[in-house]
Amino acid sequence: MESSERSGDVVIGRTLQRYKILEPLGSGGVGEVYRARDERLGREVALKILRSDAADGASRDRLRREARTLSQLNHPGISTIHDVETADGVDFIVMELVTGETLASRLARGALSEGIARVYGAEIADALGAAHDRGVIHRDLKPGNVMIDERGRLKLLDFGLALYRPASVSSADSTADALSGALVGTLPYMAPEQLLGRALDPRADLYSLGVLLYEMTTGRRPFQAEPATALINEILNAPAPPPSAWAPHLSEECSRLIQALLEKDPARRPASATDVAAALRESGRASDGSSVAVGAAAVAGAAAIASVAVLPLANLTGAPDQEFFVDGMTEALIATLAQVRALRVVSRTSVMRYKGTAEPLPAIARALEVDAIVEGAVARSADRVRVTAQLIDATSDRHLWARSYERDVHDVLALQSELAQAIAEEIQVHVTHEERARLVNPKRVDPGAYEEYLRGRFYWNRRNEAAARRAIECFERSIARDPAWAPAHSGIADAWLTLANYDYVPPMEAYPRAEAAVERALALDDQLAEAYVSLGALRTDAHWDWPGAEAAFRRALALDPNNAAAYHWYGDLLSLTSRHDEALAAARRARELDPLSLVVSTSLGIHLFYARRYDEAVAQQQRTLELDPTFAPAIRNLGGAYEQLGRYDDAIAAYHRAHALLPSELSATTLLGHALAIAGRTEEARKLLSELTEESGRRYVSRYRLAAIHLALGERGIALDFLEQALRGRDRAMIWLNVAPRFDALRGEPRFQAIVRTMRLDPAAGQRPESAPSS
């Protein structure tokens, strides 16, 4: 027997006629709404049930009037009615089940951007227009009666107070509720004529729409006085403060429209909801399936935009399990835009710091040093994806453009490409023929494969062992769904490289798997920039093929000129081969593309370190720590610079702190052993070395790092033994051998020079400059 529980008058699990009640969804003045299952048709519906304590004749009439009203309407922006019934003494309406969140719930998190508010306002106006055309006035338009469904579309709910007057609206009919002593509607959203009990026409709903738009763009209602009598007085007599008073970024056009909707005299408001929708859209409908285009297509100064940041797209479904998909859409849009060489596009790492932030857009633009911001939202439901985006000029804080697209998930890559093309066209940036060809010919992918790929990238970006292994599982599931989806193979390569480079697994275990994956990715798509980045990293870390790595990085940058990771890892290659000026230039370009990336900022400090510019390296790592004082890699590398400056106590303190922040990683521990040894704290260094040697029986411990400790203890032969072991094991840290100051004492040793030559490096290039401090 099924369990049940009581909610209000209704027992959960009870069946009314053929509708089994599943859970409560909400309640109103006289009714409660439940999710139910139609047992005959096998679908879920919403039941609006009249409460027993309100089941008088007037309330039953109102419920049936709502059913009749809804039956007259057929519009995608209005919830559909299926039936009105009475069963076991219970009166109820059977309606379309709309899942998502109410506009009230969304506004509780703050105001919307102008572009999104325009899109939403236009959809509400469309629905109102359809109702008005059928002689229906809603009379209770408010955020709680607007639902944002799982596709990001808006639907009007609750027509329980609506007037249905197909020919005309008589004063007697429209004032019936007022004369009985009740105000019809929700006070803060009621038009002045509604409060006065006057005859109503559709412009009363337009006033309510004006209040909604005011609230969407400013985060507050135009009138907020208390108590109710004071609020009524304000609505009837006080002018509404211009919305721009609370939202200075709001365009003059939008502000004027909202103020027109809030006119006390209905005759001074726009003539119809259709006119309002047209004014909100302003630029007309976009072609090829995009549903809404808003804003000026040619704005003064738009041609000067040379850099943009795509902020994290909002998850309109509200479902936490869709965060990976929405974050992936953000990353994909960035990657698509980044193919345009003439445009500087800020990388994912920097923009994701602003996920969920309430920081003003101009401040974000200043921090990221960009001319324009792209922001928007993603909604996904079953096999449909909808993206709404807008472009904002960072200098003037002016909303230039907004557009909404909806596609089948099979066409999600086409959606991203169309959006990127539209942005490029809007800011009038130069797009080459080759770039345009890549933008207009996106590949198709199995939706399930794409979803697993996005999930894999979501985990890979966490950069720890458990997440990297989970990412591999996701990428493998993606490939199982669509073996020809090249990015998933590239993702596997990156995950194995991460496991090797952070010393989570032995390099000889990880590198062959990474190589097989990247070869497969390029065999499937030789235009995939991210695969060339993976190839460049593999040739650097595993093969020590410096010319081959450089060719791969250059190819990646030709395909994706804004790829910060390509510049970052190319900088490593240039640094380890003693091309220090070029390395610093590449690192600074990576920082321009990813200005808030802790990894990129730390990398610049590392290149200064290997260029023997230790004071500058200290300053750079300190700048990184201003972004995040707990970032262990920056603290660890700060310790290295302190060592070379002879500030051993500072170095030891830095390594202790880095280890405390990341106790599972051994890098700081091995570096601490080296610092203790060169500081003369030999007994402590040997104790730590013994612990690391014991640990190497349980997990991978870098022989390169152990060699450095032995050398600092004066054990040159043992240090060379460990370096030869590191050479045979393809220890990733070995790539720095020829520029690492910790090994300067070995540079005259024939065994050391043989190791360097085996790595295809020039031993003479790694000689320490005369002015450099000795370790």
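Residues numbered from 1 in each chain as written. Predicted model: local features only at pLDDT ≥ 70, side-chain atom pairs only at ≥ 80, totals over all residues. Heavy atoms only, no water.

### As for the overall build of the protein
Point 1. Along the backbone of the protein there are 32 helices and 20 strands.
Point 2. For the protein, with 775 residues in total, the buried portion stands at 57%.
Point 3. Considering only contacts in the protein between residues 6 or more positions apart, those separated by 24 or more positions represent 62%.
Point 4. For the protein, the exposed surface amounts to about 30,800 Å²; the carbon and sulfur share of it is 49%. (Helix = DSSP H or I, 4+ residues; strand = E, 2+ residues; numbered from the N terminus. Buried < 20%, exposed > 50% of the residue type's maximum accessible area, 1.4 Å probe, protein only. Contact = heavy atoms within 4.5 Å. Areas by Shrake-Rupley, 256 points an atom, 1.4 Å probe, with all protein chains shown as cover.)

### Section: the pairing of strand β6 (residues 43–50)
Point 1. Judged by how many residues are buried, β6 sits mostly within the fold: six of eight residues are covered.
Point 2. Of the pairings in the sheet, the one linking strand β5 (residues 31–38) to β6 comprises eight bridges and is antiparallel in character. Bridge pairing in β6 links Tyr 34 to Leu 47.
Point 3. Linking β5 back to β6 in an antiparallel pair, the connection comprises four residues, with Gly 42 at a positive phi of about 70 degrees. (Pairing = 2+ DSSP bridges.)

### Focus on helix α3 (residues 114–133)
Point 1. Over its 20 residues, α3 runs 28 Å from end to end, which matches the ideal 28 Å to within 8%, given 1.5 Å per residue.
Point 2. Burial analysis of α3 places 18 of its 20 residues in the buried class, which makes it a mostly covered element.
Point 3. One or two residues past the end of α3 sits Gly 135, with phi positive at roughly 80 degrees. (Expected span 1.5 Å × (residues − 1).)

### Here we look at the confidence of the model for the protein
Detailed reading of the predicted coordinates is not advisable wherever pLDDT is low.
Point 1. In the predicted model, the protein carries a mean pLDDT of 83, and 87% of its residues have values of at least 70.
Point 2. Considering each helix and strand of the protein separately, the mean pLDDT is smallest for helix α5 (residues 176–179), with a value of 37, and largest for helix α31 (residues 716–728), with 96.
Point 3. In the predicted structure, residues 167–182 sits below a pLDDT of 50 and forms 20 contacts with residues beyond four places in sequence or in another chain.
Point 4. Long-range and interchain partners of residues 283–303, a stretch whose pLDDT sits below 50, account for 53 contacts in this model, where long-range means more than four residues apart. (pLDDT = per-residue confidence, 0-100.)

### As for the sheet that holds strand β11 (residues 146–149)
Point 1. Read across the sheet, three strands follow the order β9-β11-β12 without closing on themselves; strand pairing throughout is antiparallel. The open sheet has two edge strands with one neighbour each: β9 (100–102) and β12 (154–156). Pairs of neighbouring strands in the sheet enclose a mean axial angle of 30 degrees, with direction left out of account.
Point 2. Along the sheet, α3 contacts β11 and β12; its crossing angle with β12, the most-contacted strand, is approximately 35 degrees. (Axes fitted to C-alpha atoms, helices over the stretch in contact; angles between N-to-C directions.)

### Brief notes about the packing of aromatic side chains
Point 1. If you walk through the whole model with that rule in mind, you get 12 aromatic pairs.
Point 2. Seen in terms of ring centroids, Tyr 450 and Trp 485 are 6.0 Å apart; in terms of plane orientation they differ by 75 degrees. Their pairing is edge-to-face. Placement of the pair is Tyr 450 in helix α16 (residues 447–460) and Trp 485 in the loop between α17 (465–481) and α18 (486–501), with a sequence separation of 35 residues.
Point 3. Classification of Trp 485 by relative accessible area gives buried; the value is 8%.
Point 4. Ring centres of Phe 553 and Tyr 570 lie 5.9 Å apart, and the angle between their planes is 35 degrees; on these two criteria the pair is classed as tilted. Of this pair, Phe 553 sits in helix α21 (residues 546–559) while Tyr 570 sits in helix α22 (residues 564–576), placing them 17 residues apart in sequence. Across the pair, exposure class does not vary: Phe 553 and Tyr 570 are buried alike.
Point 5. Ring-pair connections join several aromatic residues into one group, and the members of that group are Tyr 450, Tyr 453, Phe 475 and Trp 485.
Point 6. Across from the ring centre of Tyr 532, 5.8 Å away, lies the NZ or CZ of Arg 555, which sits over that ring.
Point 7. The cationic tip of Arg 730 hangs over the ring face of Trp 544; the distance from NZ or CZ to the ring centre is 4.1 Å. (Phe/Tyr/Trp six-rings, centres within 6.5 Å; stacked < 30°, edge-to-face > 60°. Lys NZ or Arg CZ within 6 Å of the ring centre and 35° of its normal.)

### Details of the environment of Leu 391
Point 1. Along the chain, the position of Leu 391 falls in strand β19 (residues 384–393).
Point 2. Separated by 12 residues in the primary sequence, Leu 391 and Arg 403 have C-alpha atoms spaced 9.1 Å apart.
Point 3. Setting aside residues no more than four positions away along its own chain, Leu 391 makes contact with Ala 372, Ile 373, Val 374, Arg 398, His 399, Leu 400, Trp 401, Ile 423, Glu 426 and Ile 427.

### With respect to the pattern of salt bridges
Point 1. One pass over the structure, following the stated rule, counts 42 salt bridges.
Point 2. We note a salt bridge from Arg 35 to Glu 44, for which the minimum N-O separation is 2.7 Å.
Point 3. For Glu 44, a relative accessible area of 40% gives the class partly exposed.
Point 4. Arg 686 serves as the salt-bridge partner of Glu 715, at 2.8 Å between the closest nitrogen and oxygen. With a gap of 29 residues between them, Glu 715 in the loop between α30 (703–712) and α31 and Arg 686 in helix α29 (residues 682–695) connect regions that are remote in the sequence. (Salt bridge = Lys/Arg side-chain N within 4 Å of Asp/Glu carboxyl O.)

### Focus on the environment of Pro 447
Point 1. If you trace the backbone, Pro 447 turns up in helix α16.
Point 2. According to the relative accessible area criterion, Pro 447 is buried, its value standing at 14%.
Point 3. Contacts of Pro 447, omitting those with residues within four sequence positions, involve Val 409 and His 410.

### Some details on unusual backbone geometry
Point 1. With an omega dihedral of 0 degrees, the bond running from Glu 226 to Pro 227 counts as a cis peptide bond.
Point 2. Along the chain, the position of Pro 227 falls in the loop between α7 (203–218) and α8 (228–237).
Point 3. Within the chain, Arg 139 stands out as a residue other than glycine whose phi angle is a positive 70 degrees.
Point 4. Relative to the helices and strands, Arg 139 resides in the loop between β10 (136–137) and β11.
Point 5. A residue is classified by how much of its surface remains accessible, and Arg 139, at 5% relative accessible area, is buried.
Point 6. Backbone geometry at Trp 544 places phi at a positive 55 degrees, although glycine is not the residue there.
Point 7. Within the fold, Trp 544 resides in the loop between α20 (529–543) and α21.

### Comments concerning the packing of helix α24 (residues 598–610) against helix α26 (residues 632–644)
Helix-helix packing: each pair is described by the crossing angle between the helix axes and the interaxial distance.
Point 1. Look at α24 against α26: their axes get within 10 Å of each other, and the N-to-C directions meet at 15 degrees. As judged from the angle between their axes, α24 and α26 are roughly parallel. The two elements α24 and α26 cross, and the hand of that crossing is left-handed. Contacts between α24 and α26 involve Thr 602, Ile 606 and Phe 609 on the former and, on the latter, Pro 633, Ala 634, Asn 637, Gly 640, Ala 641 and Gln 644.
Point 2. For the contact of α24 with α26, a count of residues per class yields five nonpolar, four polar and no charged. (Parallel < 35°, antiparallel > 145°, perpendicular 65-115°, else oblique. Left-handed = near helix turned anticlockwise from the far one by under 90°. Nonpolar A, V, L, I, M, F, W, Y, C, P; charged D, E, K, R; others polar.)

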